Amino acid sequence: MRPETLAIHAGLSRRDGGMSPSLQLSTTFAHGPAYELLHGHAYSRHSGPNVCDLETRLCALEGGAAGAVCFASGVAATAGVLGVLPQGARVVFPAEFYLDNRRLALLWAQAGRLQPVFLDLFGEAQLPTDTALVWLETPSNPRLQLSDIEAISRKAHAIGARVAVDSTFATPLLQSPLLLGADYVVHALTKYIGGHSDAMGGVVLAGDPAALEPVRTLRALSGGVLSPFNAWLCERGAATLPVRMERHCANALYLANWLSTHPAVDVVHYPFLPSHPRHALAQRQMRAGGGVVSFELRGGREAALAVAGAVRLFCNATSFGGVESLIEHRASVEGAGATSPQGLLRLAVGLEHVQDLKEDLAQALAQVR
Ligand SMILES: *Cc1c(COP(=O)(O)O)cnc(C)c1O
């Protein structure tokens, strides 16, 4: 079956005949006298019906996946992959990736837990020979830079390293890292899969079920499991992911094109714009450009803050993947030591009518011309 159908039917449990999936909040399940599992689950930190249903759905949607492990947040999923590496393992990270994942890498580096190297993985990269894991984020936050998953996976495997891809920006629908050779895929469910800015979650998927076993064990023992209710919300969100992504992508591409012609705008970052430095890779590796667009203003920080202060429909808030459009001055969020350009604004393009979004940006940009 195709993604539009799987998104609705994979993992759907109508345990009592209702059209809406049943929500089972119980932490504990009846078992036999010698701990025989009578209902498939014993204790919800280890597994539960709603989390398992969601894992089935996400596994069906992610090309090449043989299993999925859901966590309480995207960063918990990241910690689930990094946490099973041997003590002091060398991990190669991109020069630009999700801020709190970077902070986690630095925190664990301080404790000797891992040895991070930050490399430009958006072009031709030379990997250190003692690398245990290469962490990719493509497209990257916030400049939508792209890594060649297939080429980097080949290089990594040649030196015995594994590859994990944070594919949150692309969702399971727009790219399939496991089919391109990656060992793990991570998504923050909090973004497009949940889709309504009301549930935190994360998932780790892999093509080899054996690679997921230590991740599943770590989740049970460190306790970062997704709650049943958030699993239920994410299952509901995943059902509409294909139709939502179509509109997110169409709106974002339209605004990216329009912003590229605006005199106040210096550069627009969007994978499916011909001006993107890796446009050919985008077309090969992705099915559409996604719903996030970032752009840099000719007037730098001052202009960016003026635009962010003048929007009326876009809301100043972090995150993306909800139905509503958001805008964010990333350098302010990052604070001291910010790596994002001061003149950059990131748009989380929502599902509103694109003309309303354009008109709002037009009136805000008119303030800085
Ligand atoms: C949001 C995000 C995360 C972290 O997800 P949380 O649910 O906030 O923990 C990780 N990677 C990317 C690319 C994200 O956008």
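The preceding data block contains the structure.
Basis of the calculations
Residues numbered from 1 in each chain as written. Predicted model: local features only at pLDDT ≥ 70, side-chain atom pairs only at ≥ 80, totals over all residues. Heavy atoms only, no water. Helix = DSSP H or I, 4+ residues; strand = E, 2+ residues; numbered from the N terminus. Rg over C-alpha atoms; globule rule 2.2 N^0.38 Å. Contact = heavy atoms within 4.5 Å. Areas by Shrake-Rupley, 256 points an atom, 1.4 Å probe, with all protein chains shown as cover. Lys, Arg positive; Asp, Glu negative; His and termini not counted. Charge placed at Lys NZ, Arg CZ, Asp CG, Glu CD. Core = buried A, V, L, I, M, F, W, Y, C linked by side-chain atoms within 4.5 Å. Buried < 20%, exposed > 50% of the residue type's maximum accessible area, 1.4 Å probe, protein only. Near = heavy atom within 4 Å. Polar contact = N/O pair within 3.5 Å; in protein donor to acceptor, adjacent residues only side chain to side chain. Nonpolar A, V, L, I, M, F, W, Y, C, P; charged D, E, K, R; others polar. Pairing = 2+ DSSP bridges. Right-handed = clockwise from strand over helix to strand, strands pointing away. Phe/Tyr/Trp six-rings, centres within 6.5 Å; stacked < 30°, edge-to-face > 60°. Lys NZ or Arg CZ within 6 Å of the ring centre and 35° of its normal. Arc of directions from axis to C-beta. Axes fitted to C-alpha atoms, helices over the stretch in contact; angles between N-to-C directions. Parallel < 35°, antiparallel > 145°, perpendicular 65-115°, else oblique. Left-handed = near helix turned anticlockwise from the far one by under 90°.

Trainee: How should the overall build of the protein be read in this particular structure?
Mentor: If you tally the helices and strands in the protein, you get 13 helices and 12 strands. The globule rule puts the C-alpha radius of gyration for 369 residues at 21 Å, and the 21 Å found for the protein is close to it. In terms of its C-alpha atoms, the protein occupies a principal-axis envelope of roughly 75 × 50 × 35 Å. In the protein, the proportion of contacts linking residues at least 24 apart, taken out of those at least 6 apart, comes to 72%. When the accessible area of the protein is evaluated, it comes to approximately 15100 Å², of which 55% is carbon and sulfur surface. Here the protein carries 29 positive and 31 negative side-chain charges, and the mean point of each set is 1 Å from the other.

Trainee: What should I look at first to understand the nonpolar core in this one?
Mentor: Nonpolar side chains tend to gather and get buried jointly when the protein is soluble and globular. If you look at the biggest cluster of nonpolar residues, it comprises 72 residues, and the most contacted ones within it are Leu189, Leu259, Val293, Phe295, Leu297, Leu347 and Leu365. Val69, Phe71, Ala77 and Val81 belong to the second-largest nonpolar core, a separate cluster that totals 25 residues.

Trainee: When you look at the site of the ligand in this model, what are you seeing that I'm missing?
Mentor: Near the ligand lie 15 residues; those nearest to it are Gly74, Val75, Asp166, Thr190 and Lys191. The side chain of Thr190 places a nitrogen or oxygen atom 2.6 Å from an oxygen atom of the ligand. Taking 380 Å² as the accessible area of the ligand by itself, protein coverage stands at 95%. Across the shell around the ligand, the residue classes tally to 6 nonpolar, 6 polar and 3 charged.

Trainee: Help me understand the pairing of strand 5 (residues 162–166), please; the structure alone is not making it clear to me.
Mentor: The side chains of a regular strand alternate, residue by residue, between the two faces of the sheet. By the criterion of burial, strand 5 is predominantly enclosed, with 4 of the 5 residues buried. Bridging between strand 4 (residues 131–137) and strand 5 involves 5 bridges; their strand directions are parallel. Across the sheet, Trp135 pairs through a bridge with Ala164, a residue of strand 5. With helix 5 (residues 149–158) bridging strand 4 and the parallel strand 5, this β-α-β connection has right-handed handedness. In the sheet, strand 5 pairs with strand 6 (residues 184–188) via 3 bridges, with the strands oriented parallel. Paired with Ala164 across the strands is Tyr184, a residue of strand 6.

Trainee: Quick question: what am I supposed to make of the packing of aromatic side chains here?
Mentor: Aromatic ring pairs are described here by two measures, namely the spacing of the ring centres and the angle between the planes. Applying the stated rule across the entire model yields 6 aromatic pairs. Where Phe93 meets Phe97, the ring centres are 5.2 Å apart and the plane angle is 10°; that geometry is what we call stacked. When its relative accessible area of 0% is taken as the criterion, Phe93 is described as buried. Cation over ring: Arg102 sits above Phe118, and NZ or CZ is 4.5 Å from the ring centre.

Trainee: Would you explain helix 5 in this entry?
Mentor: Within helix 5 the residues assigned to the buried category are Ile149, Ile152, Ser153 and Ala156. Each buried residue of helix 5 lies within a common arc of 100° when the element is viewed along its axis, so the set occupies one face. Away from its buried face, by an angle of more than 90 degrees, helix 5 presents the exposed residues Arg154 and Ala158. For helix 5, the secondary structure elements touched by its buried residues are strand 4, strand 5 and helix 10 (279–285).

Trainee: Honestly, the packing of helix 3 (residues 74–82) against helix 4 (residues 99–110) in this entry has me stumped. Any pointers?
Mentor: What describes two packed helices is the angle between their axes and the distance between those same axes. Axis separation between helix 3 and helix 4 bottoms out at 10 Å; the angle between their running directions is 40°. As summarised for this structure, helix 3 and helix 4 are arranged oblique, according to the angle between their axes. The handedness of the crossing between helix 3 and helix 4 is right-handed. On the side of helix 3, the interface is formed by Val75, Thr78, Ala79 and Leu82, while helix 4 contributes Asp100, Asn101, Leu104 and Trp108.

Trainee: Help me understand the sheet that holds strand 7 (residues 202–206) in this model?
Mentor: Across the sheet, 7 strands lie side by side as 1-7-6-5-4-2-3; this open sheet has mixed pairing. Two strands bound the open sheet, and with one partner strand each, they are strand 1 (67–71) and strand 3 (114–119). Averaged over all neighbouring strand pairs, the angle between strand axes comes to 20°, with direction disregarded. As paired elements, strand 2 (residues 89–94) and strand 4 share 3 bridges and run parallel to each other. Across the sheet, Val91 pairs through a bridge with Leu133, a residue of strand 4. Against the sheet, helix 7 (residues 209–222) touches strand 1, strand 5, strand 6 and strand 7, its axis set at about 20° to strand 1.

Trainee: Can you help me understand the sheet that holds strand 12 (residues 344–348) in this one?
Mentor: As a general point, the strands of a sheet are linked pairwise by backbone hydrogen bonds and lie either parallel or antiparallel. The strand order 8-9-12-11-10 describes an open sheet built from 5 strands, whose pairing is mixed. The sheet is open, and its two edges are formed by strand 8 (265–269) and strand 10 (315–316), each paired on a single side. The pairing of strand 8 with strand 9 (residues 292–297) spans 4 bridges and is classified as antiparallel. Residue pairing in the sheet places Val268 in a bridge with Phe295 of strand 9. The strands touched by helix 11 (residues 300–310) are strand 9, strand 10, strand 11 (326–328) and strand 12; relative to strand 9, the strand with the most contacts, the crossing angle is about 130°.

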